[in-house]
Each structure stands twice: as C-alpha cells, then as structure tokens.
Amino acid sequence: MLDISSHDVVLVGGGGAGLRAAIAISEAAPNLSVAVVSKVYPMRSHTVAAEGGAAGVRLADDSLDDHAYDTISGGDWLCDQDAVEVFVKEAPVELMRLEHWGCPWSREPDGRIAVRSFGGMKNTRTWFAADKTGFHMLHTLFQTSLKYDAVTRYDEYYVTRLLVDDGRVQGVVALELTTGKVQAITAKAVILCTGGCGRVFRFTTNAAIKTGDGMALAYRAGAPLKDMEFVQYHPTGLPFTGILITEAARAEGGYLLNKDGYRYLQDYNLGTAEPKPVLRSMELGPRDRLSQAFVREQEKGRTVAGPYGPVVNLDLRHLGAKTISAKLPFVRELCLKYEHIDPITQVIPVRPVVHYMMGGVHTDLNGATPVKGLYAAGEVACVSINGANRLGSNSLPELLVFGARAGRAAAAYAAEQKPPARHLLAQALDEEARLQEQFLQKSGGREPIADLRDEMQKIMEQCAGIYRSGESLAGAAGKLHELQDRFRDIRLDDRGHLFNTELISALELSCMLEVAETMAQCAMERTESRGAHQRTDYPARNDEKFLAHSMTYRTTEGRPRVGYAPVTITRWPPAERVYGR
Amino acid sequence: MANRITLEVTRYHPAHDEKPRLEAYEVPLRKEWVVLDALNYIKDHLDGSLSFRWSCRMGVCGSCGMTVNGVPKLTCATFLSDYAPGPVRVEPMKNFPVLRDLIVDTSDFLLKLAKSKPWIIRKVEKPLDEEYFQTPTQLDAYKQFSMCINCMLCYAACQVYGLDPLFSGPAAIALAQRYNLDSRDQGAGERLDILSHHEGIWGCTFVGECTKVCPNNVDPAGAIQQYKLTATMEWVKSFVLPRGAK
C-alpha cells in the first residue's frame, strides 16, 4: 500500500515562504531535487489573503535603522535584533526581486514603484499591489516557480508526521488526498512553511487551512515552539465573517470612531486627532495597542452594539470615491459583497479579530531549528523579528527573506548528507497503521469533530484573548487537556480512503489542540504584560524576568514544558514604546 | 424569510456509487450565510462524509467553485438567501472529472498553465538594485488579467473546453496574455508556439460565457480575442524579421 519517493529537500507548504524557498534552492543548487508538499494547490495558500503591503526601505529619507527601530519597538523589545537587522537589509532586495519576476506593484505616475504608510512605521516604506498584495505576490511566486524543472509538486498531500532517525529529520509521511494512499517522501532536509494557526480561535481572519500543522509536526519531533503566547488581534475585522479590512484603509486616512462618532484612540496615549494621517500615531499606531483600546472602549460602554457583539466604525467616507477605488478596491468589494455596505457613503462596522501568530517553531537566522535537518520559515517559524507584536506589512517580506535563507541553508546542508536510511520506511508503515487504528478502522467513537473544535475555539477566545489572567489561562489549560482526552474518542462518519476531508479535519484538530495547549501554558507562565500578551493580573512589562523568549517543549507524556532563552539585543536597548508624540 | 432551506447536493463516491446522485439536506437559512456556510453546516452537523474544497471564505483563494442552480459560482461569495425559498441545487463544476461529491479533478489546468509559460521572459536581466519602470498606464494594460484567482469557473462555463479538452482554456490564455502585455516581458514569441495551434486560441468561438462567470472581471474572452491579434502579429513578424528578433 505504501508509496515511496525521494528528494533532496522537501518543503511542507506551498505558500509564499515555501515557494520562495523552492526557487532559492533551485537557483543555489540546480542539481538538487525539491518537493513542494501542500495540502492545497499552492495558489490556494493563505498568503493569498494578505492585503495591505510589504515593508522594505525604499525612499531617500528612510533608513534601515529606522525600519529596525520601528520593528523592535513595535515588538516591545522581544525581537532578536540580529534577525531584525538581517531582515530590514534583505527585505528591499527581495521585494525588488519580485518586481523582476513580474509582481504588479502599484506605481507612481513616472513608473517608479510606489510606497504607502502603515501602522507603527515612522516612515513610508510599504510596497503594495493595490490592496491585494499577498494575492499578487503568491501568484507571481507560483507562476515563476513553474519554470524550475527540479521542483516536483505534491499538490493536495497532507503531511501527518516527520520521519526522524538518528536525531535527523529525513523526510515526511503524507496522505495523498485524492487516493488516501500513504506515501513516504524521504529527504535530506525538510523545510516547514505551513503558516500559522489562527483557526485555534473562533473569530479569525485566517483561512480554514490555518490549523498549525507545521507547528505541531515540529513540536512532536522535539523542536521547541517559541513565544506562542503572543497572538495578534488585528483591530479591523468585519463582524460575523472575520474578513480583514486592511490597515491600508487607515494608512490612506480612515478614522476609527466610537458610538459617538469620536476618534477614541486619542484617549489611549496614541496621539491627537489630526485630520490627515500622522505616522506612528492614532489610527497608524501598532495593532496590539489599537485592539487593546477597543476593549477599553467597550468597557466604558462606548462601542456600538451589533448583532455579533460590539463594534466600532471605520470611516473612509472623507477619502472620496477616487482614492477608495484606486487604493482600496478590495476593501470596497468585500464590504459590498459581505456587509452590503458601500464605504464611499457608509461607515464600516469592525472589531478586533485574531490574525497572526508572532510565535512559532524556534529557528536561527537561516531557518534552522534545533532538530538537525529541520528548517522553518514564514508564519510557522519564530526567528524572531516580530517579538511581542508584529508590525503590519512585515510578514510578507519576512516570508521572502527567511524563505530564501532557509532554502539556501537547507540546500547547503542537504548537499553534505548521505541518502536517508532504508529503515525509515518502518516508521512510515507505523504511521500508516496508526491512521488506520486511530481513525479509519476504529470502532465506535462518540465525539463529533465539530463539537470539540467549537469548544476549543470558545475556550481560547474566552480565556486567552486580548486580555488574559492567570485564572483564565489555568482554566483554559485544564479544559484543553480534557479535550485532548476526549479527542481519543473522536467520531468519524467517513471511513473511506478517497478524498476523506473528515479525516483531514480530525488530523488538523489534533494539531490545533496540541498548539493551543502550548499557547495557554506559556501565556500562564509569562507573568507580565508585553505587546500582544496583556495580563490583567500583571499589567506591567518586567524586563528583569521576562526579556526572554518562551520555549515550549513537548514532554514524553505529551505535555507542554516551558523554558526561556535570552533575547538578542544589538543596538537598541529596551525602552518605553512611544506612539503619537 | 422562512428559517429553513433545502439544499440538493451531489453525492458521489466511486467505490460505492455507479453515478452521482442528489441528496437533500435541510439547513437553517440565515441572511449572512453563503452557500459554503450551508455546506459546512451539513458537514459539521448532518453528515461528516460530505466532501468539498474551501479555504479563505472571502473570494480570493479560488478553492470553492461549484455549480449552484446550474451556474458556476464561488460558493463563499454566493448568498443562500438569494435562492430562497429554495431548494438550492449544489453540484460539482462541469467539464471536469468528478473525484468525489463536489470535488473535481482540475490537474489538467495546472499542466496547461505551465505550458503557457506564465513567468517573465527576458533576454537580459538588470541587476537587483535596479527596477523596471512601469507607468500606471502600462500596468493597466495587463492588470485585469493578473487578477485571475484560478478558480476554474471559466472552464466550467466554457463550451469549447467541454467539447475539446485539448483547448488551453480561458484562464491559461488570460494568464499568458497577462505576461505578453507586461511591459517588462519579452516572451510573447515563445508563448505563441504553445498557444496558437489547434488546442490554442483558435478553438474559441467567442461565446463569452467565461467572462460572464468570472468573479474578478478578468474578461478571459477579451484576452482570447486580443491574443488572436497578438498571435497574428507575431506570425507576420516571423516573415519580415530574422528568427529570434522581436
């Protein structure tokens, strides 16, 4: 039953980071065979949904140091500054490379690439392709990747485990969705590029596929997950659907208004209400502070009651039809389609929504994890350039810079390794048997997937949201552990092999439960407030104790164990985060 | 508005069904629900074995194309209430082999896309610290065709593709044209060889159904007509210019 194939480097995930890595390998070492293994066709990957833009220093009055400072202060000093320095230096080069590959960047009238302002950035440096930047980047990368013969795609294959032997990752086991066949894909190096895990929460901008698969794969193989307590809420999601309204809407001059039509951010130490957008101020403050201001405003009873909970209003009307159509066409399309609202004449109801994981698989500057042969890049990884709060428009250049670095490093590593050992196949056979026993041939089973998933999402939202406490997190950790137990009694209606999406949902749920537990655990142990991690019982930042990355390891009993690693400080000593002045 | 609606959904599993059949499910009718939400309700609460693809639920990933009451649609952008009081028939996209339930095999498109060389082709490359200038007008020349999300609705609507699976099809041609019209590209001649013979653009009879169903106003029918012109020009050039010149 088992199929076997072999490559030099296997990439898990075919979004922005995965495709950039695949191309980097092909260019660095054209003789290496590369496999892109993805549970969806690469152009369906969630990079496609990124809207606002990609930051990289471009204008004469900007500097790499300014971009680094914005990123580090935005991350509340939890970023590794050596990583940030690499990132800001290579971001413009990577973005220009995409220009050479045909990305349809928006332009100035004279033909030069245009840039726009973005939240938490003191200079204008965000490259954009209208407000479908991620979509255009992903399709440019995917289409460009088609010209490299050394890249083999495994479209619609779901990776269920990593093959580890002799302390080295040497491939993956994957389910081919169309047939249900289990396949061992051996490799000298594996790069995880599977993105984040926003689906752990109920209300999220993240697509259905964002279930933390890569984080769970790495964690189970012994790699630590870093800074998992830091979850980004984007301040402006549409109610009910959680569809993202890009930060670019505020960068172009949009206002956030409470129920009285008042620009309430001025009450939260974010600056004064000027008619035109001011950088690092008010609506252009960082996402964590804006989402926290929403909760405070709600507590004061000044938000608007909506059918799906409280909202505030995003007002773009004063920008005029021309700016909205030219710079924010997708925002208008989404509002018209999903809210029956035209932002040219009406305000948009918005509320904070889970958007991005600052944490992820711990890597060095080249995407290498502590487990030999295993690399990670993009949202699944934590280098860390995002610290305690990522700045808008830093994630797209991150997946280019670190996707390329991980690709090159994995290629160099793979070139020196011997072919994987034959006895790895025993592990693949074990995995095939596990899938049969635990799911397809299991008798009985009482717990519906949807029920467990709903409960997990509710727990995370109630206990590990914008504001948390020791008590709420301890409750979450306990309940999540209970869900893990109940998962063993999972019920499947579908026991077939062919395109069994229910089996995939079950496997995804097991990843999410595992990842959710690590989030609750390290959030509980970080008894301070920093960036996106706000503890009501410990409201202050505590550099003495927590200027450190949390590192969560999986114990042999399958429980999370949290340790800490130092933050790398190069030139920007910890200081107060100042916005609006 | 009634508070329930019936969906008639294609069920098909090649291991135990000789041919596809319709199964009726009653689901809540909520005004903010799209057809995809109703399918997820069925999967979560009525029958976990129903299979379909979806991901972003915001009309940009292109996963959830199906046939809704006979018309190719993205189910995440098609509101259930527009079909009240129902029933709503949800079937797989036409013109593709059905793998199971609402899932079709679109791998043929991926092969055709690769053949149309959808990447920048240039004779000489600038160094990475230099950009290729492109005015907004030059960007507008191809921008519309770059909006294709590969959702395959145009193939499901294409009568030519339905009759002749060798036809490259609307999206692959629109994407070839997207690069041909890009001021940074010099590859139109190379793409010509692949697209201009029988299975290429000459098969299209300009029925225009592809453009009607496109959720992003890409206008593949327009691309095909433009491409016929480009192809003719390149063909004429091949007589008057030495080989390889542009």
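Residues numbered from 1 in each chain as written. Chains lettered and ligands numbered in written order. Predicted model: local features only at pLDDT ≥ 70, side-chain atom pairs only at ≥ 80, totals over all residues. Heavy atoms only, no water.

Chemist: What is the right way to look at the overall build of chain B in this model?
Modeler: For chain B, the helix and strand inventory stands at 9 helices and 7 strands. In terms of overall dimensions, chain B has a C-alpha envelope of 65 × 40 × 30 Å along the principal axes. Counting the 246 residues in chain B, one finds 55% classified as buried. Nonlocal contacts in chain B, meaning residues at least 24 apart in sequence, comprise 65% of its contacts between residues at least 6 apart. Only carbon and sulfur atoms are counted for the fraction: they give 56% of the accessible area of chain B, which is about 10600 Å². (Helix = DSSP H or I, 4+ residues; strand = E, 2+ residues; numbered from the N terminus. Buried < 20%, exposed > 50% of the residue type's maximum accessible area, 1.4 Å probe, protein only. Contact = heavy atoms within 4.5 Å. Areas by Shrake-Rupley, 256 points an atom, 1.4 Å probe, with all protein chains shown as cover.)

Chemist: What's the story with the overall build of chain A in this structure? I'm lost.
Modeler: Helix and strand counts for chain A stand at 15 helices and 26 strands. Dimensions of chain A along its principal axes, counting C-alpha atoms only, are 65 × 55 × 50 Å. The proportion of buried residues among the 581 residues of chain A is 70%. Taking the contacts inside chain A whose residues are at least 6 apart along the sequence as the reference set, 75% of them involve residues at least 24 apart. Surface accessibility of chain A: about 18100 Å² in total, with carbon and sulfur atoms responsible for 49%. In chain A, which carries 67 positive and 71 negative side-chain charges, the distance between the mean positions of the two groups comes to 2 Å. (Lys, Arg positive; Asp, Glu negative; His and termini not counted. Charge placed at Lys NZ, Arg CZ, Asp CG, Glu CD.)

Chemist: Help me out: how do you make sense of the environment of Ser-384 of chain A in this one?
Modeler: All names here are of chain A. Along the chain, the position of Ser-384 falls in the loop between strand E20 (381-382) and helix H10 (395-415). Residues Ser-384 and Val-361, spaced 23 residues apart in sequence, show a C-alpha to C-alpha distance of 9.9 Å. Leaving out residues up to four positions away in the same chain, Ser-384 has contacts with Leu-78, Cys-79, Asp-80, Ala-83, Lys-226 and His-549. Of note is the side chain of Ser-384, whose polar atom sits 3.4 Å from the backbone nitrogen of Asn-386. Here Gly-387 takes part through its backbone nitrogen, which lies 3.0 Å from a polar atom of the side chain of Ser-384. (Polar contact = N/O pair within 3.5 Å; in protein donor to acceptor, adjacent residues only side chain to side chain.)

Chemist: Before we go on, may I ask you to explain the packing of helix H12 (residues 449-463) of chain A against helix H14 (residues 501-525) of chain A in this structure?
Modeler: Two quantities define a packed helix pair, namely the angle between the axes and the distance from one axis to the other. All names here are of chain A. Interaxial distance between H12 and H14 falls to 10 Å at its minimum, and their mutual angle equals 25°. With respect to each other, H12 and H14 are oriented roughly parallel. Note that H12 runs across H14; the crossing there is left-handed. For the pair H12 and H14, contact is made by Ile-449, Leu-452, Arg-453, Met-456 and Met-460 and by Glu-502, Ser-505, Ala-506, Leu-509, Met-512, Leu-513, Ala-516 and Met-519, respectively. Grouping the amino acids of the contact of H12 with H14 by side-chain chemistry returns 10 nonpolar, 1 polar and 2 charged. (Axes fitted to C-alpha atoms, helices over the stretch in contact; angles between N-to-C directions. Parallel < 35°, antiparallel > 145°, perpendicular 65-115°, else oblique. Left-handed = near helix turned anticlockwise from the far one by under 90°. Nonpolar A, V, L, I, M, F, W, Y, C, P; charged D, E, K, R; others polar.)

Chemist: Just checking my understanding: could you explain the environment of Tyr-356 of chain A for this structure?
Modeler: Residues and elements named next belong to chain A. Within the secondary structure layout, Tyr-356 lies in strand E17 (residues 348-357). In this structure, the C-alpha to C-alpha distance between Tyr-356 and Asn-31, residues 325 residues apart in sequence, is 36 Å. Aside from chain neighbours lying at most four places away, what touches Tyr-356 is Phe-230, Val-231, Gln-232, Glu-379, Asn-386, Arg-390, Ser-395 and Glu-398. In this structure the side chain of Tyr-356 is engaged in a polar contact, spanning 3.4 Å, whose partner is the side chain of Asn-386.

Chemist: It is not clear to me how the sheet that holds strand E6 (residues 126-127) of chain A should be interpreted in this structure. Could you clarify?
Modeler: Strand pairs in the sheet, formed through backbone hydrogen bonds, run parallel or antiparallel to each other. Read from one edge of the open sheet, 3 strands run E4-E6-E5 (chain A), paired in antiparallel fashion. Looking along the sheet, the strands with just one partner apiece sit at the ends: strand E4 (54-55) and strand E5 (115-116) of chain A. (Pairing = 2+ DSSP bridges.)

Chemist: Hey, could you run me through the interface of chain B and chain A in this one?
Modeler: Reports of interface size often rely on the accessible area that becomes lost once the parts have come together. Tallying the contact residues gives 66 residues for chain B and 62 residues for chain A. Both faces combined, the contact of chain B with chain A buries some 5200 Å², and carbon together with sulfur accounts for 57% of it. Contact with chain A buries surface across chain B, with Met-58, Leu-128 and Glu-131 of chain B losing the most and accounting together for 14% of the total. Put simply, chain B and chain A have 6 salt bridges between them. For the salt bridge of Arg-107 of chain A with Glu-131 of chain B, the shortest nitrogen-to-oxygen distance reads 3.6 Å. Breaking the side of chain B that touches chain A down by element, the ones donating at least two residues are helix H1 (35-46), strand E6 (98-100), helix H2 (107-115), helix H3 (136-146) and helix H6 (170-180) of chain B. Broken down by element, the side of chain B that touches chain A gets its largest block of residues, 5 residues, from H3 of chain B. (Buried area = accessible area lost by both parts, 1.4 Å probe. Salt bridge = Lys/Arg side-chain N within 4 Å of Asp/Glu carboxyl O.)

Chemist: It is not clear to me how the sheet that holds strand E1 (residues 3-6) of chain A should be interpreted in this structure. Could you clarify?
Modeler: Residues and elements named next belong to chain A. The 4 strands lie next to each other as E1-E10-E9-E8, forming an open sheet whose pairing is mixed. Looking at which strands have only one partner, the edges of the open sheet turn out to be E1 and strand E8 (157-165). The mean angle between the axes of side-by-side strands here comes to 25°, regardless of whether they run parallel or antiparallel. As paired elements, strand E9 (residues 168-176) and strand E10 (residues 182-186) share 5 bridges and run antiparallel to each other. Bridging from a neighbouring strand, Ala-174 pairs with Gln-183 of E10. Packing of helix H11 (residues 424-440) onto the sheet brings it into contact with E1, E8, E9 and E10, and relative to E8 it is tilted by some 135°.

Chemist: It is not clear to me how the confidence of the model for chain B should be interpreted in this structure. Could you clarify?
Modeler: Parts of the model with low pLDDT should not have their predicted coordinates read in detail. Looking at chain B, the pLDDT average stands at 91 and 92% of residues meet or exceed 70. Here the predicted complex scores 0.97 on pTM and 0.96 on ipTM. (pLDDT = per-residue confidence, 0-100.)

Chemist: Would you explain unusual backbone geometry in this entry?
Modeler: Most peptide bonds adopt trans geometry, and most residues besides glycine take a negative phi value. For the peptide bond that leads from Val-383 of chain A to Ser-384 of chain A, omega is 10°, which places it in the cis range. The step from Gly-86 of chain B to Pro-87 of chain B runs through a cis peptide bond, and the omega angle for that step is -5°. Examined against the element boundaries, Pro-87 of chain B turns out to sit in the loop between strand E4 (71-74) and strand E5 (88-91). Despite not being glycine, Trp-77 of chain A shows a phi value in the positive range, around 65°. With respect to the secondary-structure elements, Trp-77 of chain A resides in the loop between helix H2 (64-74) and helix H3 (81-100).

Chemist: Which parts of the structure should I look at to understand the packing of aromatic side chains?
Modeler: How two aromatic rings sit relative to each other is set out by the distance from centre to centre and by the angle between their planes. Within this structure, the stated rule accounts for 15 aromatic pairs over all chains. Their ring planes at 90° and their centres at 4.9 Å tell us that Tyr-155 of chain B and Tyr-161 of chain B sit as a pair that is edge-to-face. The burial state of Tyr-155 of chain B is the same as that of Tyr-161 of chain B; both residues are buried. An aromatic cluster of at least three residues, connected via ring pairs, comprises Phe-96, Phe-109, Tyr-155 and Tyr-161 of chain B. One cation-aromatic arrangement involves Lys-132 of chain A over Phe-135 of chain A; the distance from NZ or CZ to the ring centre is 5.6 Å. In this arrangement the basic side chain of Arg-296 of chain A is found over the ring face of Tyr-467 of chain A, its NZ or CZ atom lying 4.5 Å from the centre. (Phe/Tyr/Trp six-rings, centres within 6.5 Å; stacked < 30°, edge-to-face > 60°. Lys NZ or Arg CZ within 6 Å of the ring centre and 35° of its normal.)

Chemist: Help me understand the pattern of salt bridges in this model?
Modeler: When charged atoms on two side chains of opposite charge get close, those side chains can pair. Residues and elements named next belong to chain A. Following the criterion strictly, the structure yields 72 salt bridges over all chains and no others. For Glu-447, the salt bridge is made with Arg-486, and the minimal N-O distance between the two is 3.0 Å. Highlighted residues: Glu-447 in strand E21 (residues 447-448) and Arg-486 in helix H13 (residues 470-487), separated in sequence by 39 residues. Overall, Glu-447 belongs to the buried group, its relative accessible area being 16%. Here the salt bridges do not stand alone but share partners, grouping Asp-76, Asp-227, Glu-229, Asp-288, Arg-526, Glu-528, Arg-530, Arg-541, Asp-543 and Arg-577 into one network.

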